[in-house]
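# Observations on chain architecture
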Amino acid sequence: MLHIAVCDDEEKQRNKIAALINTYLQSRPSLNGQVEIFSSGNALLARAEDAGGFDLYVLDILMPQLSGIDTGRCLRTLGTEGEIIYLTNSNDFAADSYDVRAFFYLLKPVEQEKFFQVLDGAVEKLNQRRSSAIVVSTSDGPRRILLEHIQYVERVGRCMRYYCTDDIIDSQSIRVSFREAAAPLLADRRFCLCGASFVLNFQHVAGVNGQMALLNNGRTVVLPRAAATEFKKAWGCYWLEERSL
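As for its position among the elements, Phe116 is in helix α5 (residues 112–131). Judged by its relative accessible area of 10%, Phe116 is buried. Separated by 96 residues in the primary sequence, Phe116 and Leu20 place their C-alpha atoms 8.6 Å from one another. Excluding residues within four positions of it along the chain, Phe116 makes contact with Leu20, Thr23, Tyr24, Ser27 and Arg28.

Put into structure tokens, the structure is as follows:
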């Protein structure tokens, strides 16, 4: 099930966008989706926090009280990794959309063909994230872990400890170097090796300040001193590339 949120302070606009999305879902029989509409960023945030987030957000930017950009920042602070599509009458906020890792930025009035192309891209990206996984040998047997759920991994004694969004998982003792053991992660561009025994997922990093990486769930992790500067550069490049895809 694809959970989609539409937020616009103008009733006519939000109903129009919701209708377009429902037409899109009907034209893609393989997709099973549900659309919820909201008249304000605050209403959306309350629902997102209660429901654990949405897969896709279609947000107006110019709204009273809480703008679409501020709503997006709050959604990222909540830890939601759903794709954000911005709709607006102005080009003035394109740079701000980078801050919240928006998938796309569309000018109103929205053309159906272009909107459907953007939705196809967002759905494809969601599906790729959802299906990418690794299998980790643990003392309780093999565990399949979705890559998007892994925040970071570090070596603890002889095992690899996976810090995930909903669990912490220890592997069995590894008999190779940490880099070799982490190879399946490093093959995915979301993951970055920091120092000799630490891997971070760019997807879960909201900011970098000195040696501190701020995760989108509010936690912080300390980066190895020698790796902090390069990590910050790599993190910035990752999100610039994500925005251009």
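Applying the stated criterion across every chain yields a total of nine aromatic pairs. Ring centres 5.8 Å apart and planes at 70° place the aromatic pair Phe54 and Tyr57 in the edge-to-face group. Accessibility assignment for this pair places Phe54 and Tyr57 in one class, buried. Taking 4.8 Å as the distance between ring centres and 80° as the angle between the ring planes, the aromatic pair formed by Tyr238 and Trp239 counts as edge-to-face. For Tyr238, a relative accessible area of 5% gives the class buried.

Let us look at the packing of helix α1 (residues 11–27) against α5. Following both chains from N to C, one finds α1 and α5 inclined at 65°, their axes separated by 11 Å at the closest point. For the crossing formed where α1 meets α5, the hand is right-handed. Across the interface between the two elements, Ile17, Leu20, Ile21, Thr23, Tyr24 and Ser27 from α1 touch Gln112, Phe115, Phe116, Leu119, Asp120 and Val123 from α5. Partitioned by chemical class, the residues of the contact of α1 with α5 number eight nonpolar, three polar and one charged.

Cut-offs applied
Residues numbered from 1 in each chain as written. Predicted model: local features only at pLDDT ≥ 70, side-chain atom pairs only at ≥ 80, totals over all residues. Heavy atoms only, no water. Helix = DSSP H or I, 4+ residues; strand = E, 2+ residues; numbered from the N terminus. Buried < 20%, exposed > 50% of the residue type's maximum accessible area, 1.4 Å probe, protein only. Contact = heavy atoms within 4.5 Å. Phe/Tyr/Trp six-rings, centres within 6.5 Å; stacked < 30°, edge-to-face > 60°. Axes fitted to C-alpha atoms, helices over the stretch in contact; angles between N-to-C directions. Left-handed = near helix turned anticlockwise from the far one by under 90°. Nonpolar A, V, L, I, M, F, W, Y, C, P; charged D, E, K, R; others polar.

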